[in-house]
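What follows is the residue order along each chain.
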Amino acid sequence: MVMDKNVVESQLDLFLGHSLDGFSLIKSKYNLLRKDNVYHYTDIAGFKSIIEKQELWASHISFMNDRLEFLHGKELFKKHLNRNMNVDSDFQKTLLQNVIDRIDDEKSGWLMPHSSKDVFSLSFSYERDSLEMWRGYGRESGIAIGFDWERINNPSLNDGDQGMRLIRIEDYDELKKQYQNESEILPKNEIIFIPVPVVYDDYIKDNLVDDTIKMVIDYYNKRAVRTKDGDISVASDTLLDLIFLINPLLKHRGFKGECECRFVENYVEKAKDNYQIKFRNRGGIILPYIKYKMVDVNCRPIKRWPIHEIVIGPGLNQSKVIQSVKYFLEKKGMEDLADKVVASDIPYVET
């Protein structure tokens, strides 16, 4: 991942004081808006569930394999916050100290607070055939579902593509109650499918974190001159909100081989009464997760999947897995997907 050289430093001057606006500027500068195909790695049970239920499940980030990853970004921000304290500006010191004191809080401030406790990630990879990802499935054959970015976000209606969106399962169930059948549902509360790349490179992470902090400081320093009071409370809420947005995208360089991108949900507002955190057994722990329904751009069931490839990973019974997956898809009336099932190029070696 490299920084977009076409984006000049001054673009961050376009920041208008809103955390989501700032997040968009940071993503633009650091090329976190990739329009590439992505792969969702899962097992046989997961693949079967995705196809039959048209659902994707986002897991709680604290219970994933690399459970300390969320702390990685937080510690990086702490280091840079303290580094920026070494100035003569009382306004800047007060602002940053306020953020340092609150960075371990469960939620940020601002109009749309984000949580540091309830953070759910739907993970994908830009790698179609990754040995590092396959290793997690041992003797079993994992499956990588290749989603076509272009068909998802720029569907060709003449070719029968209807694109894809995500919607919380609770919202979708409510919509079904309002309409006589699913073919009449109108769009509401659906989310555009744009996973954001994870940042591994230490140099880029340092610059990204520093830019985030300085962007907020510069904006509210200018406001301080105009308003005299400086809006310390609003400034610290904004910066903390940005930190909570960016944290899930910063990972240790040791995981670089995953080439991961993520769809993250940690809005506090998403904890409404009708939204449910679900739980399942995974590897001997109780794993919290949330469900998304996959729908087309009209918020209706997907008729033509925006999948360009289904890769069957190396495993003891890879050929039988391929045969069974194709048979399953054919019997589900998805012959077009059955034709897209391919074997991993990586040989299986039992250890």
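Everything below is about the structure shown above.
Structural notes, computed from the coordinates. (Residues numbered from 1 in each chain as written. Predicted model: local features only at pLDDT ≥ 70, side-chain atom pairs only at ≥ 80, totals over all residues. Heavy atoms only, no water.)

**So, the overall build of the chain**
To be explicit about the condition: Only DSSP runs of H or I reaching four residues or more are called helices, and only runs of E reaching two or more are called strands; each is numbered from the N terminus. Radius of gyration here is computed from C-alpha atoms only, and the compact-globule reference equals 2.2 Å multiplied by the residue count raised to the power 0.38. Under the scheme applied here, a residue whose accessible area is under 20% of the maximum for its type counts as buried, over 50% as exposed, and between as partly exposed, the area being computed with a 1.4 Å probe on protein chains only. Any two residues having at least one pair of non-hydrogen atoms within 4.5 Å are treated as being in contact. Here the open area of atoms and residues is found with the Shrake-Rupley method and a 1.4 Å probe, where only the protein chains shown may cover a residue.
Per the secondary structure count, the chain includes eleven helices and twelve strands. The C-alpha atoms of the chain give a radius of gyration of 22 Å, which matches the 20 Å a tight globule of 351 residues would have. Residues classed as buried in the chain amount to 50% of the 351 residues present. For the chain, contacts bridging at least 24 residues in sequence account for 81% of all contacts bridging at least 6. Only carbon and sulfur atoms are counted for the fraction: they give 49% of the accessible area of the chain, which is about 17,400 Å².

**Overview of unusual backbone geometry**
Its identity is not glycine, yet Asn31 carries a phi of approximately 55°, on the positive side. Position of Asn31 relative to the elements: it lies in the loop between helix 1 (19-29) and strand 1 (38-42). On the basis of relative accessibility, which here comes to 31%, the residue Asn31 falls in the partly exposed class. One non-glycine residue, Asn189, adopts positive backbone phi at about 70°. For Asn189, the position within the fold is in the loop between helix 7 (169-178) and strand 6 (191-192).

**Here we look at the pattern of salt bridges**
Under the convention used in this document: Throughout this description, the term salt bridge denotes a Lys or Arg side-chain nitrogen within 4 Å of a carboxyl oxygen of Asp or Glu.
Going through the model one piece at a time under the given rule, you end up with 26 salt bridges. Among the ionic pairs, Asp202 bridges to Arg253, the shortest N-O distance being 2.7 Å. Of this pair, Asp202 sits in helix 8 (residues 202-227) while Arg253 sits in the loop between helix 9 (232-246) and strand 8 (260-265), placing them 51 residues apart in sequence. Since its relative accessible area comes to 31%, Asp202 is described here as partly exposed. Ionic pairing is found between Glu260 and Lys251, a salt bridge with its closest N-O pair at 2.9 Å. Here Glu260 and Lys251 have matching classes, each one buried. Each member of the salt-bridge network shares a partner with another, and the members are Lys74, Glu75, Lys78 and Asp104.

**Details of the layout of surface pockets**
To keep things clear, this is the line we draw: Only protein atoms enter the calculation, which uses a 1 Å grid: trapped sets of points that fit a 1.4 Å probe without letting it out are cavities, open sets showing protein on both sides within 12 Å along at least five of seven lines are pockets, and any residue with an atom within 4 Å of a point is a lining residue. Grid points are joined across faces, edges and corners, and a volume is the space filled by probe spheres set on the points. As a working rule, the residues Ala, Val, Leu, Ile, Met, Phe, Trp, Tyr, Cys and Pro are called nonpolar, Asp, Glu, Lys and Arg charged, and the rest polar, with Gly in that last group.
Of the pockets and cavities examined, the largest pocket occupies roughly 1,100 Å³. Surrounding the largest pocket, 35 residues form its lining, His40, Tyr41, Thr42, Tyr137 and Arg282 being those nearest its centre. Within the residue set of the lining of the largest pocket, elements represented by two or more residues are strand 1, helix 2 (44-53), strand 2 (55-60), strand 3 (120-125), helix 5 (131-134), strand 8 and strand 9 (278-282). Looking at the lining of the largest pocket residue by residue, the classes come out as 13 nonpolar, eleven polar and eleven charged.

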